[in-house]
Amino acid sequence: MDFSADSSYLQVSTGSYKRQVYEVPSGKQLVDQAVIDRITWATWTSVLGDEVIGIWSRHAEKADVNCACVSHSGINLVTGDDFGMVKLFDFPCPEKFVRTCFCIVTTKNTVAIMVLYCFSRRHMMEISPTLNL
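Residues numbered from 1 in each chain as written. Predicted model: local features only at pLDDT ≥ 70, side-chain atom pairs only at ≥ 80, totals over all residues. Heavy atoms only, no water.

## Considerations on the overall build of the protein
We count it as follows: Here a helix means four or more residues in a row that DSSP labels H or I, a strand means two or more in a row labelled E, and each is numbered from the N terminus. Note on exposure labels: buried denotes an accessible area under 20% of the residue type's maximum, exposed denotes more than 50%, and partly exposed covers the range between, all computed with a 1.4 Å probe on protein chains only. Each accessible area is a Shrake-Rupley estimate made with a 1.4 Å probe; only the visible protein chains count as cover when residues are assessed.
Regarding its fold elements, the protein presents one helix and ten strands. Secondary structure elements in the protein, listed N-terminal to C-terminal, are β-β-β-β-α-β-β-β-β-β-β. Across the 133 residues in the protein, those meeting the buried criterion constitute 35%. For the protein, the exposed surface amounts to about 8,500 Å²; the carbon and sulfur share of it is 56%.

Okay, here's the thing in structure tokens:
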């Protein structure tokens with residue numbers, strides 16, 4: 001869930017892999033793509049949207065990329081996926097199948113469920129559950 005820079009809009013990603021934008025405080029869903037394209041977001045944690053099309057590899061399924069977070073400067077995007085990989089991209093990345101700037105493979109049998117930038121702006125964190133496979 002992300003708020004626009006002026007707190008007038010809220011974006012969410014649904015379980016059916018749809019990005020939805022709502023007006024605040026009315027809660028009215030915004031469907032005009034031209035208006036959505038002009039919104040400046042204060043944060044970005046969605047794996048959906050034209051701004052992040054490039055995070056999806058050629059053979060990725062919808063559920064493969066679990067989380068995303070844009071840096072405070074708005075120029076980098078980090079993602080976590082089902083394969084235990086934490087990938088760094090330039091943001092935005094609207095072109096399909098973009099190569100990653102940097103990739104870290106975490107422990108085997110680990111799924112990255114959340115990635116975020118720390119307030120120091122120099123570090124990033126990954127949160128993963130322990131799997132007993």
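## Observations concerning the sheet that holds strand β4 (residues 29–30)
Strands belonging to one sheet form pairs held by backbone hydrogen bonds; the direction of such a pair is parallel or antiparallel. As a reminder, the rule being used: When DSSP finds two or more bridges between two strands, those strands count as paired.
Pairing in this open sheet of four strands is antiparallel, and the strands run β1-β2-β3-β4 from one edge to the other. The two strands at the open ends of the sheet, each matched to only one other strand, are β1 (2–3) and β4. The pairing of β1 with strand β2 (residues 9–13) spans two bridges and is classified as antiparallel. Bridge pairing in β2 places Asp2 opposite Gln11.

## Observations concerning the environment of Asp2
For clarity, the cut-off: Residue contacts are counted whenever heavy atoms from the two residues lie within 4.5 Å of one another. Any pair of N or O atoms that falls within 3.5 Å is considered a polar contact. Within protein, one atom must be able to donate a hydrogen and the other to accept it, and sequence-neighbouring residues count only if both atoms are side-chain atoms.
The residue Asp2 is located in strand β1 in this model. Residue classification places Asp2 among the buried residues on the basis of a relative accessible area of 2%. The spatial distance from the C-alpha of Asp2 to the C-alpha of Thr45 is 6.7 Å, given a sequence separation of 43 residues. Here Asp2 is in contact with Tyr9, Leu10, Gln11, Trp41, Thr43, Trp44, Thr45 and Ser46, once residues within four sequence places are set aside. Engagement of the side chain of Asp2 in a polar contact is seen with the backbone nitrogen of Trp44, the distance being 3.5 Å.

## Points about unusual backbone geometry
Following Val24, the chain continues to Pro25 via a peptide bond in cis, the omega torsion being 10°. If you check the backbone angles, Tyr17 has positive phi at about 60° while not being a glycine. Structurally, the position occupied by Tyr17 is in the loop between β2 and β3 (19–23). The partly exposed category is assigned to Tyr17, whose relative accessible area is 35%. The phi dihedral of Phe97 is positive, around 60°, even though this residue is not glycine.

## Details of the nonpolar core
So the rule is basically this: What we call a nonpolar core is a set of buried Ala, Val, Leu, Ile, Met, Phe, Trp, Tyr and Cys residues that are connected through their side-chain atoms within 4.5 Å.
Core analysis: the largest hydrophobic core is formed by 20 residues, its most contacted members being Tyr9, Val21, Leu30, Val47, Ile55 and Leu77. Elements with a contribution of two residues or more to this core: α1 (33–37) and β5 (65–70). Tallying contributions element by element places β5 first for this core, with three residues. For Leu30, the residues in contact, after removing those within four places along its chain, are Tyr9, Val21, Tyr22, Glu23, Val35, Ile36 and Ile39.

## Focus: the pairing of β2
The antiparallel hairpin formed by β1 and β2 contains five residues in its connecting segment, where Ser7 sits at a positive phi of about 60°. Bridge count between β2 and β3: five bridges; the pairing is antiparallel. By the bridge assignment, Tyr9 is partnered in β3 with Glu23. As consecutive antiparallel partners, β2 and β3 are separated by five residues, and within that stretch Tyr17 has a phi angle of approximately 60°, a positive value.

## Quick notes on the pattern of salt bridges
To keep it simple, the criterion reads: We define a salt bridge as a side-chain nitrogen of Lys or Arg found within 4 Å of a carboxyl oxygen belonging to Asp or Glu.
Within this structure, the stated rule accounts for two salt bridges. Of the charged contacts in the structure, one is a salt bridge between Glu51 and Arg19, with a shortest N-O distance of 3.3 Å. With Glu51 in the loop between α1 and β5 and Arg19 in strand β3, the pair connects residues that are 32 residues apart, well separated along the chain. Relative accessible area serves as the criterion here: at 18%, Glu51 is assigned to the buried category. By relative accessible area, Arg19 is classed as partly exposed at 22%. Among the salt bridges present, the one from Asp81 reaches Lys87, with a minimum N-O distance of 3.8 Å.

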